[in-house]
Amino acid sequence: MGFMKSLGDAPHLYDVMKTSPRMAIYLFKMTDEIMLSEGPLNAAEREIIAAYVSGLNACSFCFRGHKAIAEIFGVKEGLIDRLIEDMEGADLSTKMKAALVYARKLTETPSKMVQADADALHTAGWDENALMNIVEITAVFAMYN
């Protein structure tokens with residue numbers, strides 16, 4: 001549902017971006033930097049987080065798109081759907097589940113984030129650079145969704 005009457009009831013991302021093309025350029029560059037640059041998370045891990053956050057936010061466009069990209073990068077078909085329904089039961093490493101637990105809390109209750117949340121990521125094997133990348137992915141998709 002959109003709140004800008006000029007965009008109609010169900011605006012597409014590109015419709016929204018047309019309202020501010022200059023800003024769209026910066027947003028897409030930032031997204032490329034977050035999602036395409038070498039970093040602590042590999043491409044499949046970044047896409048899993050992007051799809052998962054989009055699923056939590058009920059953004060079917062981003063959810064479907066990033067789920068498909070994740071599968072191109074080798075994520076088993078159906079895994080991301082299972083993550084939304086039952087993350088604990090999904091066939092995913094403990095380390096990746098910790099990243100998704102963090103992303104979920106940051107998405108649903110950002111004001112309740114505490115040091116223990118970051119500590120759980122570190123205990124699972126993620127370093128501070130990975131923590132930053134998880135936050136970046138979660139934040140950019142919260143904005144897009």
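Scoring rules and cut-offs
- Residues numbered from 1 in each chain as written.
- Predicted model: local features only at pLDDT ≥ 70, side-chain atom pairs only at ≥ 80, totals over all residues.
- Heavy atoms only, no water.
- Helix = DSSP H or I, 4+ residues; strand = E, 2+ residues; numbered from the N terminus.
- Rg over C-alpha atoms; globule rule 2.2 N^0.38 Å.
- Buried < 20%, exposed > 50% of the residue type's maximum accessible area, 1.4 Å probe, protein only.
- Contact = heavy atoms within 4.5 Å.
- Axes fitted to C-alpha atoms, helices over the stretch in contact; angles between N-to-C directions.
- Parallel < 35°, antiparallel > 145°, perpendicular 65-115°, else oblique.
- Left-handed = near helix turned anticlockwise from the far one by under 90°.
- Nonpolar A, V, L, I, M, F, W, Y, C, P; charged D, E, K, R; others polar.
- Phe/Tyr/Trp six-rings, centres within 6.5 Å; stacked < 30°, edge-to-face > 60°.
- Lys NZ or Arg CZ within 6 Å of the ring centre and 35° of its normal.
- 1 Å grid on protein atoms, 1.4 Å probe; cavity = no way out; pocket = protein on both sides within 12 Å on 5 of 7 lines; lining within 4 Å.
- Points joined across faces, edges and corners; volume = space filled by probe spheres on them.

Trainee: Would you mind going over the overall build of the chain with me for this structure?
Mentor: In terms of regular secondary structure, the chain is built from eight helices and zero strands. Mapped from its N terminus to its C terminus, the chain presents α and β elements in the order α-α-α-α-α-α-α-α. Since a compact globule built from 145 residues should have a radius of gyration of about 15 Å, the 15 Å found for the chain is in line with a globular shape. With the principal axes as the frame, the chain shows a C-alpha extent of 45 × 30 × 30 Å. Per-residue burial over the chain gives 39% buried out of 145 residues. In the chain, the share of contacts with a sequence separation of at least 24, taken over all contacts with a separation of at least 6, comes to 56%.

Trainee: Explain the packing of helix α3 (residues 43-56) against helix α8 (residues 128-144) here, please?
Mentor: A pair of packed helices can be characterised by two numbers: the angle between their axes and the separation between those axes. Closest axis-to-axis distance for the α3/α8 pair is 9 Å, and the angle between their directions is 40 degrees. Judged on the interaxial angle alone, α8 and α3 are oblique. Seen along the crossing, α3 lies across α8 with a hand that is right-handed. Facing α3, whose interface residues are R46, I49, A50, V53 and S54, α8 presents N133, I134, I137, T138, F141 and A142. Residue composition of the contact of α3 with α8, by class: seven nonpolar, three polar and one charged.

Trainee: How should I be thinking about unusual backbone geometry in this particular structure?
Mentor: In this structure, A58 is a non-glycine residue whose phi angle is positive, near 60 degrees. Of note, A58 is situated in the loop between α3 and α4 (60-72).

Trainee: How should I be thinking about the packing of aromatic side chains in this particular structure?
Mentor: A ring pair, where both rings are aromatic, is described by two values, the distance of the centres and the angle of the planes. Throughout the structure, instances matching the rule amount to two aromatic pairs. Ring geometry for F28 and Y144: centres 6.3 Å apart, planes at 20 degrees, overall stacked. Taken together, the positions of F28 in helix α2 (residues 21-36) and Y144 in helix α8 put the pair 116 residues apart, joining distant regions of the chain. According to the relative accessible area criterion, F28 is partly exposed, its value standing at 29%. Taken together through their ring pairs, the aromatic side chains of F28, F141 and Y144 make up a single cluster. Taking the ring centre of W126 as reference, the NZ or CZ of K95 above it sits at 4.4 Å.

Trainee: It is not clear to me how the environment of A50 should be interpreted in this structure. Could you clarify?
Mentor: Tracing the chain through its elements places A50 in helix α3. Judged by relative accessible area, which is 0%, A50 ranks as buried. Considered as a pair, A50 and K5 are 45 residues apart in the sequence and their alpha carbons are 28 Å apart. Setting aside residues no more than four positions away along its own chain, A50 makes contact with M35, H66, I137 and F141.

Trainee: Is there a simple way to explain the layout of surface pockets in this structure?
Mentor: The gaps of empty space that remain are located by a probe, the size of a water molecule, rolled over the atoms. When its volume is computed, the second largest pocket comes out at roughly 280 Å³. Along the wall of the second largest pocket there are 17 residues; nearest its centre are T31, D32, H66, I69 and F141. Listed by contribution, the elements that provide at least two residues to the lining of the second largest pocket are α1 (13-18), α2, α3, α4 and α8. The element that contributes the greatest number of residues to the lining of the second largest pocket is α2, accounting for five residues. Residues that form the lining of the second largest pocket fall into these classes: 12 nonpolar, two polar and three charged.

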